[in-house]
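Remarks on the overall topology
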Amino acid sequence: MNFFMEIAMLRAARFLWHDLLKPFNPKNPKSSMLRTHVQTSGWSLTEQDPYNNIIRTTLEALAAALGGTQSLHTNSFDEAVGLPTDFSARIARNTQILIQEESQICHVIDPLGGSYYIEALTNGIIQEARKIINEVEELGGMAKAIETGMPKMRVEESAARKQARIDQGLDVIVGVNKYKIDEATPMDVLEVSEQVRDEQISMLKKLKAERDEAKTQNALAGVTEAAEKGGNLLAASIEAIRARATVGEVSDAMEKVFGRFVATTQCISGIYASEYSDQAVIAAIRKRTDTFMEKEGRRPRILLTKMGQDGHDRGIKVVATAFADLGFDVDISPMFQTPEEAAKMAVENDVHLVGASSLAAGHKALVPQLVKSLKAAGGEDILVIVGGVIPPGDYDFLYKAGAVGVFGPGTAITESANKVLNALESRKAA
Ligand code: B12
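Keep in mind the model is a prediction, meaning the values are calculated, not measured. (Residues numbered from 1 in each chain as written. Predicted model: local features only at pLDDT ≥ 70, side-chain atom pairs only at ≥ 80, totals over all residues. Heavy atoms only, no water.)

1. Topic: the coordination of the cobalt atom of the ligand
Donor atoms from the protein around the cobalt atom of the ligand number only one, H312 (NE2), found at 2.2 Å. If you trace the backbone, H312 turns up in the loop between β3 (301-305) and α13 (314-325). (Donors = N, O, S within 2.8 Å, 3.2 Å for Na, K, Ca; no water. Helix = DSSP H or I, 4+ residues; strand = E, 2+ residues; numbered from the N terminus.)

Quick look at the structure:
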């Protein structure tokens, strides 16, 4: 993180909000005052040496408080391995309370206002943000810009650059690429059992059995009608929820008119390699993929898939762009695949490997199903690797289920690429 930049961002956002609202002649002065909720970063928190995360969160929370946020969410130190335990949640909450009630920090409005450095940063952000706002306006507004894929591409490009800088140790992450410790820090990990899913399903069944079905369907028809006629969707949705419709059913009712947004899954290329200044490392892996091609007649081909309800696609996109730069042929699946769909796609695309990226705790259910589906679809020789938020205690389970590699948060992509090539080579030797 950049401590002062975070403070300046909040200050700049307040200025821009006030300025952008002026043309609407707001009648209530409160409308011109930006009110913000800040969540400290989860992305910056690491699986390695996890108590460092308490310090990171404190610094981030302090920046938010000095920047003048009205509301704050502090993340817990076990962020990169799972949902918080009661203990980690208490420390996260106490971080806020210490800032708010012990340190007197929140008694002053804009305490850094007037500092040369903070004012210069704030001004710089205002100027740069205006350029992007204008660019979006020229595309016809944010909804249009999203349709072109512009914001997503910018985010993915920046993520790939950042990953290349971290993998080389240019951006320091204490405990991950500098000041590493050999032994793992023992800590409790909250495990959510499969039973929760079954309980949720039976609650849904009960709700549907007990509701007044005609009333529900009528309210859902109201949602579709509001979508068709440009009516008040929020009011119609509240009506439907009161009639015990589920969020899924309300969204289906709108889908009849609007269709469903499908994010583009293209892979940007060249960014990871161009940001990696030690080109010898890149060249060595490319040499390995080139040798593979000479021997096999084609490049190592990998299908990267997101299965289940897991919408976290930053990791998979970063891995895709880096693997492509390292000489792999990379296919990316659509989001939310079933294991059967992923297996079918892998066989049809004739890949050597499937890389499942799992961040939302579905790996123990989905990876065994993927291995089974690959066998059923005639793809038993396709190797399976897994990456993402995988608690260390689950690695053995995944290996036993048939995975040949597991790559948790903080793995340098150059390292995972080399290990994947090792697995491909030992498969051939076997
Ligand atoms: C960013 C983030 C989000 C973003 C996602 C943006 C996006 N487009 O991806 C947003 C804000 C949208 C989000 C939403 C949610 N999130 Co979230 N999120 C994160 C966070 C903070 C970072 C993930 C990330 O991008 N890391 C950076 C990438 C580069 O790392 P990575 O994916 O781990 O990939 C690396 C390695 O794992 C490996 N790798 C990964 N995949 C693969 C594949 C292969 C083949 C290989 C070789 C390597 C590999 O290589 C990469 C480089 O090192 C994590 C916590 C964390 N620190 O990990 C929580 C986390 C994953 N989220 C979580 C949750 C609960 C949610 C929500 C359900 C919250 C909510 N109640 O709404 C929603 C779910 C949305 C959905 N539909 O899935 C939980 C999951 C809990 C669990 N596993 O038990 C986590 C762990 C946080 C937590 N502790 O609570 N989230």
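Still more to cover.
2. Quick word on a nonpolar patch on the surface
Together, L83, L190, V192 and V196 give the surface a local cluster of nonpolar side chains, amounting to about 330 Å² of exposed area. Looking at the secondary structure, you find V192 in the loop between α6 (150-168) and α7 (195-210). On the basis of relative accessible area, V192 is assigned to the partly exposed category, the value being 47%. (Patch = residues over 30% accessible without salt bridge, like charges linked within 9 Å, V, L, I, M, F, W, Y side chains within 5 Å. Areas by Shrake-Rupley, 256 points an atom, 1.4 Å probe, with all protein chains shown as cover. Salt bridge = Lys/Arg side-chain N within 4 Å of Asp/Glu carboxyl O. Buried < 20%, exposed > 50% of the residue type's maximum accessible area, 1.4 Å probe, protein only.)

3. Comments concerning unusual backbone geometry
One non-glycine residue with positive phi stands out, namely N25, at about 45°. Overall, the relative accessible area of 57% leaves N25 in the exposed class. At F336, a position not held by glycine, the phi torsion is positive, near 60°. Looking at where F336 falls in the secondary structure, it is placed in the loop between β4 (329-332) and α14 (339-348).

4. Structural notes on the packing of aromatic side chains
The full count for this structure, using the stated rule, is six aromatic pairs. Note on F4 and Y117: the rings are 5.4 Å apart at their centroids and 80° apart in plane angle, and the pair reads as edge-to-face. Of the two residues, F4 sits in helix α1 (residues 3-21) while Y117 sits in helix α4 (residues 116-138), which places them 113 residues apart along the sequence. Joined through ring pairs, the aromatic side chains of F3, F4 and Y117 make up one cluster. (Phe/Tyr/Trp six-rings, centres within 6.5 Å; stacked < 30°, edge-to-face > 60°.)

5. Here's the deal with the sheet that holds β4
The five strands lie next to each other as β4-β3-β5-β6-β7, forming an open sheet whose pairing is parallel. Here the strands that pair on one side only, and so sit at the sheet edges, are β4 and β7 (405-407). The sheet shows a mean angle of 20° between the axes of neighbouring strands, direction not considered. One ladder, built from three bridges, connects strand β6 (residues 383-388) with β7; its direction is parallel. Opposite I385, over in β7, you have G405 as the bridge partner. Across the face of the sheet, α13 comes into contact with β3, β4 and β5 (353-358) while running at roughly 160° to β4. In the packing of α14 onto the sheet, the strands contacted are β3, β4 and β5, and the crossing angle to β3 comes to about 160°. (Pairing = 2+ DSSP bridges. Axes fitted to C-alpha atoms, helices over the stretch in contact; angles between N-to-C directions. Contact = heavy atoms within 4.5 Å.)

6. Observations regarding the site of the ligand
Close contacts around the ligand come from 32 residues, with G82, G311, H312, D313 and T411 the closest. For the ligand, a nitrogen atom lies 3.4 Å from a polar atom in the backbone of A361. Breaking the shell around the ligand down by element, the ones donating at least two residues are α13, β5 and β6. Residues that form the shell around the ligand fall into these classes: 13 nonpolar, 15 polar and four charged. (Near = heavy atom within 4 Å. Polar contact = N/O pair within 3.5 Å; in protein donor to acceptor, adjacent residues only side chain to side chain. Nonpolar A, V, L, I, M, F, W, Y, C, P; charged D, E, K, R; others polar.)

7. Re helix α15 (residues 363-376)
With 14 residues, α15 extends 19 Å between its outermost C-alpha atoms, agreeing within 8% with the 20 Å of an ideal straight helix rising 1.5 Å per residue. Among all positions of α15, only H363, L366, V367, L370, V371, S373 and L374 are buried. All buried residues of α15 project into a common sector of 165° when viewed along the axis, lining one side. Opposite its buried face, α15 presents the exposed residues K372, K375 and A376, each directed more than 90 degrees away. (Expected span 1.5 Å × (residues − 1). Arc of directions from axis to C-beta.)

8. Considering the packing of helix α8 (residues 213-229) against helix α10 (residues 247-258)
Relative placement of two packed helices is described by the angle separating their axes and the distance separating the axes. Two numbers describe how α8 lies on α10: the axes approach to 8 Å, and their chain directions differ by 35°. Between α8 and α10 the crossing geometry is right-handed. Across the interface between the two elements, L220, V223, T224, A227 and E228 from α8 touch E249, V250, A253, M254, K256, V257 and F258 from α10. (Left-handed = near helix turned anticlockwise from the far one by under 90°.)

9. Focus: the nonpolar core
Counting residues in each nonpolar core, the largest one holds 29 residues, and the members touching the most others are Y272, I302, F323, F328, V330, L353 and V420. When residues of this core are traced back to their parent elements, those giving at least two are α6, α11 (271-275), α12 (279-296), β3, α13, β4, β6 and α17 (413-429). The greatest single-element share of this core, amounting to six residues, is contributed by α17. If sequence neighbours within four positions are ignored, V330 has contacts with I302, L304, A320, F323 and A324. If you look at the next biggest cluster of nonpolar residues, it comprises 21 residues, including V351, V371, I382 and V386. (Core = buried A, V, L, I, M, F, W, Y, C linked by side-chain atoms within 4.5 Å.)

10. Overview of the side chain of S76
Relative to the elements of secondary structure, S76 occurs in the loop between β2 (71-73) and α3 (86-102). At 3.0 Å, the side chain of S76 and the side chain of D78 are in polar contact.

Without other data, these values stay purely geometric and don't point to any function.
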